[in-house]
Amino acid sequence: MKVLQVTKPHELLVADREIRALGVGEVLVDVKRVGVCGSDLLIYNGDNPFSVYPRVIGHEIAGVVAKVAPDVMDFSVGDRVCIDPVLNCGVCDACRRGHPNVCSNLQVMGVHTDGGFASQFIAPSKNLYKIPEHLSWEAAVLVEPFSIGSNICDRTRITRGDRVLIVGSGVIGNTVLMTARMLGAEVIMCDILDEKLETAKALGARDTINSSKSDIQEEVMRLTHGDGVTVVVDAASLPSLFLPLLECIAPGGRMGILGFSKKEAVVNQFEITRKEITIIGSRLNNRRFPDVIETFAKGLLHPELLLEGVYPFAEAESIIHNLAVSGMHNGKTVISFP
């Protein structure tokens, strides 16, 4: 099989590898689509402390089942599937309490282990989900990023009537936007680039704020007639915004945090207690794939709206290099296999 691996920071190599024998509970998938994520670029740039080299990147994976281990009963050759990249041990305290996405021994395909930038890929059957025939491969490969948006919307209990401020209009911020709108919430999107805010508006944001030109708190209060928002989702991971965002939240509101920044943030305990604000972390997804697939299948979400381009595997090296130089956009780049 052909794989694309990062051999060391800023160096990519297409290589041939032998397919190993399937282990217990494993499935071999002919990869059809793999998405390019910001975490792939971190590995390419040498900025991901969880990866060792060489590493085959890619954790947004969809394809066709090519072979199953003898003990696998839930999948058959020819099934169309997407793959949840979260690998958990199943026995630690977090797993036993129903939080496999924060497993003490957590690994993520394409980060801690080799991923889906390969013509074929072996995964545990428990990580596979069937996709309906009428869904495109592009929709299938976007299940994973939408599972991130779905997870934080679930964690912050977004529902009809909520006023939601999302900070960061990249791919993940836009999956949160689209999911929150599907749930009936009104959304204000915040970013520093007008181009991204225009996309957010087209995807359903009621209002937008360019925080490089306007004060976030003043704009939120103006747009909500002084009430504030009921939910803030920080998809930008900027600790310097933590305090201003707290002040945007209405009494009884919630803040969901997606970022991994280790920089310290200023915390105002008085503001949190006075307004009884709930602060929630959200990591990866906690078994959200079935919910996302169902919303796609029913036409409640249209993931293709986030698609920026589909390119053949032969162009993957140049695509990743160019994205690493120019930065990720607000749409999703996808690599296709024959």
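Here the structure is a predicted model, which is why all the values come from computation and not from measurement.

As enumerated under the stated definition, the model contains 20 salt bridges in all. In this structure, the salt-bridge partner of Lys 130 is Asp 79, at a minimum N-O distance of 3.9 Å. Remark: Asp 79 occurs in the loop between β5 (60-68) and β6 (80-83) and Lys 130 occurs in strand β10 (residues 128-130); sequence separation between them is 51 residues. Taking the relative accessible area as the measure of exposure, Lys 130 reaches 46% and is therefore partly exposed. Of the residues examined, Asp 79 reaches a relative accessible area of 18% and is grouped as buried.

What follows concerns the nonpolar core. Core analysis: the biggest nonpolar cluster contains 45 residues, and Leu 4, Ile 83, Phe 117, Phe 121, Leu 128, Ile 320 and Ile 335 have the highest contact counts within it. In this view, Leu 4 contacts Leu 12, Leu 13, Val 14, Arg 55, Val 56, Ile 57, Phe 117, Phe 313, Ala 316, Glu 317 and Ile 320; residues no more than four positions away in its chain are not counted. Judged by nonpolar contacts, the second largest core, of 41 residues, contains Tyr 129, Ile 148, Ile 166 and Val 233.

Time to look at helix α1 (residues 38-45). Of the positions making up α1, those classed as buried are Ser 39, Asp 40, Leu 41, Ile 43 and Tyr 44. Looking at the packing, one finds that the buried side of α1 touches β1 (2-8), β2 (11-16), β3 (26-36) and α11 (316-326). Where α1 terminates, the next one or two residues include Gly 46, which has phi positive at roughly 80°.

A few words on the side chain of Thr 230. Structurally, the position occupied by Thr 230 is in strand β14 (residues 229-234). A distance of 2.7 Å separates a polar atom in the side chain of Thr 230 from a polar atom in the side chain of Asp 162.

Inspection of the secondary structure puts Leu 197 in helix α6 (residues 194-202). For the pair Leu 197 and Thr 208, spaced eleven residues apart in the sequence, the C-alpha separation amounts to 6.2 Å. Apart from the residues within four sequence positions on either side, Leu 197 is in contact with Met 189, Cys 190, Asp 191, Thr 208, Ile 209 and Asn 210.

Next up on the list: the packing of aromatic side chains. This structure, assessed with the given rule, holds three aromatic pairs. One cation-aromatic arrangement involves Arg 80 over Trp 137; the distance from NZ or CZ to the ring centre is 4.3 Å. Its guanidinium or amino end placed over the ring of Phe 75, Lys 130 lies 5.6 Å from that ring's centre, counting from NZ or CZ.

Topologically, Ala 185 is positioned in the loop between α5 (171-182) and β12 (186-191). A sequence separation of 21 residues divides Ala 185 from Arg 206, and the C-alpha atoms of the two residues are 9.8 Å apart.

Quick look at the sheet that holds β1 now. Note on sheets: strands pair through backbone hydrogen bonds, and any given pair is parallel or antiparallel. As summarised here, the arrangement of the three strands in space is β2-β1-β4, forming an open sheet in which the pairing is antiparallel. Every other strand in the sheet has two partners, leaving β2 and β4 (55-56) as the edge strands with one partner each. Two strands pair when backbone bridges link them, and β1 and β4 are joined in this way by two bridges, in the antiparallel orientation. Note that in β4 the partner of Val 6 across the bridge is Arg 55.

The rules behind the values
Residues numbered from 1 in each chain as written. Predicted model: local features only at pLDDT ≥ 70, side-chain atom pairs only at ≥ 80, totals over all residues. Heavy atoms only, no water. Salt bridge = Lys/Arg side-chain N within 4 Å of Asp/Glu carboxyl O. Helix = DSSP H or I, 4+ residues; strand = E, 2+ residues; numbered from the N terminus. Buried < 20%, exposed > 50% of the residue type's maximum accessible area, 1.4 Å probe, protein only. Core = buried A, V, L, I, M, F, W, Y, C linked by side-chain atoms within 4.5 Å. Contact = heavy atoms within 4.5 Å. Polar contact = N/O pair within 3.5 Å; in protein donor to acceptor, adjacent residues only side chain to side chain. Phe/Tyr/Trp six-rings, centres within 6.5 Å; stacked < 30°, edge-to-face > 60°. Lys NZ or Arg CZ within 6 Å of the ring centre and 35° of its normal. Pairing = 2+ DSSP bridges.

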